[in-house]
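Here is what each chain is made of, one letter per residue.
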Amino acid sequence: MVGCEVTHDLATLMNMRGLVAVNSALEVDLFGQCNLEHANGRAVSGCGGAPDFARGARMAPGGLSVVALNAAFSSKGKAASRILPTLSSNAVASLSRVDVDVVVTEFGIAHLRGRSVHERAEALIGVAAPEFRDELQAAWNAIAAKL
């Protein structure tokens with residue numbers, strides 16, 4: 001047995017050939033940033049080892065950083081998307097966009113590694129719940145016009 005100063009150490013993780021880290025998120029924005037900690041403006045969790053393992057897997061030879069989540073959830077009887085144009089106000093980016101290779105929902109796989117911000121947004125919209133895709137596309141068009 002060893003402590004997390006060893007198991008979560010970047011040097012340890014990035015030297016594990018083929019490491020695949022699978023994390024979850026409360027929300028993902030169209031850049032690929034992930035909020036793992038805040039819901040409705042309140043802290044509901046900490047980030048735990050997710051940033052360590054995501055970055056370690058991303059840097060490991062043949063490694064992969066995966067975020068898996070449901071595309072939508074129900075809040076007070078109303079459906080809401082977990083894929084958003086930008087992270088919610090009062091949310092934090094627990095995982096940066098550069099530490100996420102793939103986002104998986106029940107609607108497919110968004111491959112983000114090596115993609116431009118526009119390609120990333122397109123891929124993420126493609127795995128969002130279908131009822132939110134038009135809204136996400138319109139929001140992305142407004143964001144992209146300012147880039």
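So, here's what we can say about the structure. (Residues numbered from 1 in each chain as written. Predicted model: local features only at pLDDT ≥ 70, side-chain atom pairs only at ≥ 80, totals over all residues. Heavy atoms only, no water.)

### Examining the overall build of the chain
Check the secondary structure of the chain and you find 5 helices and 11 strands. Relative to the 2.2 N^0.38 estimate, which gives 15 Å for 147 residues, the radius of gyration of the chain is 16 Å and therefore close to what a compact globule would have. Reported as C-alpha extents along the three principal axes, the dimensions of the chain are approximately 45 × 30 × 30 Å. Pairs at least 24 apart in sequence give 66% of the contacts found in the chain among residues at least 6 apart. When the accessible surface of the chain is split by element, carbon and sulfur atoms take 54% of a total near 7,900 Å². Taking the 13 positively charged and 14 negatively charged side chains of the chain as two groups, their mean positions are separated by 2 Å. (Helix = DSSP H or I, 4+ residues; strand = E, 2+ residues; numbered from the N terminus. Rg over C-alpha atoms; globule rule 2.2 N^0.38 Å. Contact = heavy atoms within 4.5 Å. Areas by Shrake-Rupley, 256 points an atom, 1.4 Å probe, with all protein chains shown as cover. Lys, Arg positive; Asp, Glu negative; His and termini not counted. Charge placed at Lys NZ, Arg CZ, Asp CG, Glu CD.)

### Structural notes on the packing of aromatic side chains
Considering all chains together, one arrives at 1 aromatic pair under this definition. Each ring, one from F31 and one from W140, has its centre 5.4 Å from the other, and the planes form 70 degrees; the classification is edge-to-face. With F31 in the loop between β2 (27-29) and β3 (34-35) and W140 in helix α5 (residues 133-145), this pair connects stretches of sequence that are 109 residues apart. With respect to burial, F31 and W140 carry one shared label: buried. Sitting above the plane of the F107 ring, R133 keeps its charged end 5.7 Å from the centroid. (Phe/Tyr/Trp six-rings, centres within 6.5 Å; stacked < 30°, edge-to-face > 60°. Buried < 20%, exposed > 50% of the residue type's maximum accessible area, 1.4 Å probe, protein only. Lys NZ or Arg CZ within 6 Å of the ring centre and 35° of its normal.)

### Let's talk about the sheet that holds strand β11 (residues 108-111)
Here we have 4 strands laid out as an open sheet, ordered β1-β6-β10-β11, and mixed in their pairing. Either end of the sheet is taken by a strand with one partner, and the two such strands are β1 (20-23) and β11. The average undirected angle you get between the axes of adjacent strands in this sheet is 20 degrees. Strands β1 and β6 (64-68) of the sheet are contacted by helix α3 (residues 50-59), whose axis makes an angle of about 145 degrees with β1. Helix α4 (residues 117-127) rests against β10 (102-105) and β11 of the sheet, and its axis sits at about 170 degrees to β11. (Pairing = 2+ DSSP bridges. Axes fitted to C-alpha atoms, helices over the stretch in contact; angles between N-to-C directions.)

### Quick notes on the pattern of salt bridges
Close approach of charged atoms allows side chains of opposite charge to pair. Counted according to the given criterion, the structure contains 3 salt bridges. Shared partners join several salt bridges into a network, and the residues in it are R58, D101 and R113. (Salt bridge = Lys/Arg side-chain N within 4 Å of Asp/Glu carboxyl O.)

### Digging into the nonpolar core
Burial of nonpolar side chains together is a common tendency in soluble globular proteins. In this structure, V28, L30, C34, V67, L95, V103 and L124 are the most contacted members of the largest nonpolar core, which totals 28 residues. Looking at this core, the element that brings in the most residues is α4, giving 5 residues. Among all residues touching V103, those that are not within four sequence positions of it are V28, V67, L69, G108, I109, A110, L112 and L124. If you look at the next biggest cluster of nonpolar residues, it comprises 5 residues, including L13, A21, A57 and A60. (Core = buried A, V, L, I, M, F, W, Y, C linked by side-chain atoms within 4.5 Å.)

### Notes on the sheet that holds β3
Reading across from one edge, β3-β2-β9 is the order of the 3 strands in this open sheet, with mixed pairing throughout. At either end of the open sheet lies a strand with only one pairing partner, and these are β3 and β9 (83-84). In terms of strand pairing, β2 meets β3 through 2 bridges, oriented antiparallel. Across the sheet, the residue bridging to V28 is C34, located in β3.

### Description of the packing of α4 against α5
One way to put it is that α4 packs onto α5 with a least axis distance of 9 Å and a crossing angle of 165 degrees. As the angle between them shows, α4 and α5 are arranged roughly antiparallel. Here the hand of the crossing between α4 and α5 comes out right-handed. Where α4 abuts α5, its residues V117, H118, A121, I125, G126 and V127 lie against R133, L136, Q137, W140 and A144. (Parallel < 35°, antiparallel > 145°, perpendicular 65-115°, else oblique. Left-handed = near helix turned anticlockwise from the far one by under 90°.)

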